[in-house]
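# Summary of structural features
Listed below are the residues making up each chain.
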Amino acid sequence: MPGVLVTGASVAGPALAYWLGRGGWEVTVVERFDRLRDTGQNIDIRGAGREVIRRMGLEDEVKAAGTGETGTEFVDEDGRCVAYLPKGHDDSGGLTAEVEILRGDLARLLYRRTAHCSRYVFGDEITGLVERSKEVDVHFAGGARESFDLVVVAEGMTSRTRRLIFPDAAPRYLGLCLAYTTVPRIAADTDRWRWYHPGGGRAVMLRPDPHGTMRAALSFLSGAPGPADLPPADQARLLRRLFQDAGWETPRVLDAIDASPFYFEAVGQIRLASWSRGRVALVGDAAYCASPLSGMGTTLALTGAYILAGELLTAADHRTAFARYEALMRPYAHNAQRLVPGFPRIAHPRSRLGVRTLRAALRLATSPPVREAVHRASALFPRHPAERIDLPHYPEPR
Ligand SMILES: Cc1cc2nc3c(=O)[nH]c(=O)nc-3n(C[C@H](O)[C@H](O)[C@H](O)COP(=O)(O)OP(=O)(O)OC[C@H]3O[C@@H](n4cnc5c(N)ncnc54)[C@H](O)[C@@H]3O)c2cc1C
């Protein structure tokens, strides 16, 4: 049976390992971190991504591990509700999707589902790839050398191995930096995603999780992605300086950032002319990151892993499989990367007038008559981006 090396043990990597392992392939997953990363915040699983989870027989477990978020609420400086949107009640809709789970919890479920049939190696990464006629020789940072029939890179937006095959590939920065952390839950917290706009091109968010804590995020417009490269202590200082006068629950979030590890990213997308070279292919954020602003990253990763595995298991050779994977996934990824015009600027007003205007627009857009009219007219709109693919059915492995 073919042997494949998958790099990255988050969502796309273990999902690919599941489908290939089910087809009898020998799968090795190498993860740069020394353990399964359990950080990260609420991610949505929509449309085709949800169907993939269903076909994996994981839907009930994913729902049981859900965050319990009931909807999205925009609040003012006193915490009063400005506008409210309940969560979606179908496979794809809603700012809060029907299926919301923490990234780390999903990664753990996928890992558990695959650990018995794949070899996981933590704390190592690829440093060199040499392609031969029938295999790829791989050099690892830990010193090992091994050969595989194929290599699939599932290392996320800032993938290093991608640079070995596409040296010019770089994220397309979207003008926003985001910091995520976890804060203790207090009695006044709710099960809504609360979203506060203090002005100055900033936003503060609090969301429930199923572990008795709250997930918090600070985002701010920034002309350059540079802050993402600063050491964590400098990032924490920058966040305190930028958000010290923001009001609402912000001091709680800044205290958590000072006290515990946080995740900081310059929000971007990956757009590449090709997703494979020779015997090496890309999947998930490494190939077509749509950014957290799209709400589609995890859905793309699950769908891409399913299609890539399905094509590899059924095509005559890897070249055909990579070409068919790309033909099926490219329009879907392209649609997912199309953000609302003006985003993220319109969601991060700078002036007081901008904040008042945004709040008035949100109040109007979430009012029952407007929502009812949008619902009635929805048949006239194209399908939700998460549904704009006809997910192939691949034969059951023998
Ligand atoms: C720690 C973390 C927190 C996140 N938090 C959020 C969030 O709060 N909200 C949100 O919308 N999205 C978040 N994401 C992104 C989200 O998981 C992805 O958009 C989506 O699920 C697609 O997943 P992926 O598997 O393609 O990539 P990712 O989830 O980015 O996973 C990539 C994996 O590859 C590993 N890796 C990186 N480089 C190497 C290497 N050289 N060798 C081996 N392994 C490597 C990483 O450690 C990671 O485990 C987070 C990702 C990570 C890694």
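Residues numbered from 1 in each chain as written. Predicted model: local features only at pLDDT ≥ 70, side-chain atom pairs only at ≥ 80, totals over all residues. Heavy atoms only, no water.

The name given to the chain in an unreviewed UniProt entry is FAD-binding monooxygenase, and the organism recorded there is Nonomuraea aridisoli.

## Digging into the nonpolar core
Membership of the largest hydrophobic core comes to 79 residues, with the highest contact counts inside it found for V62, L106, V283, Y288 and M329. Top element by residues in this core is helix 9 (residues 297–314). It accounts for nine residues. If we skip the residues at most four places from it in the chain, Y288 touches I270, W275, V283, L300, G304, Y325, M329, A333 and Q337. Counting 24 residues, the second-largest nonpolar core is a separate cluster that includes L218, F220, L238 and V253. (Core = buried A, V, L, I, M, F, W, Y, C linked by side-chain atoms within 4.5 Å. Buried < 20%, exposed > 50% of the residue type's maximum accessible area, 1.4 Å probe, protein only. Helix = DSSP H or I, 4+ residues; strand = E, 2+ residues; numbered from the N terminus. Contact = heavy atoms within 4.5 Å.)

## Points about the pairing of strand 9 (residues 136–140)
A regular strand places its side chains so that they alternate between the two faces of the sheet. Judged by how many residues are buried, strand 9 sits mostly within the fold: four of five residues are covered. Note: strand 8 (residues 126–131) against strand 9, five bridges, orientation antiparallel. Each bridged residue has a counterpart across the sheet, and for I126 the counterpart in strand 9 is F140. Count of turn residues in the strand 8/strand 9 antiparallel hairpin: four residues. Here strand 9 runs beside strand 10 (residues 145–148); their pairing, made up of four bridges, is antiparallel. Among the inter-strand pairings, V138 is bridged to a residue of strand 10, identified as E146. (Pairing = 2+ DSSP bridges.)

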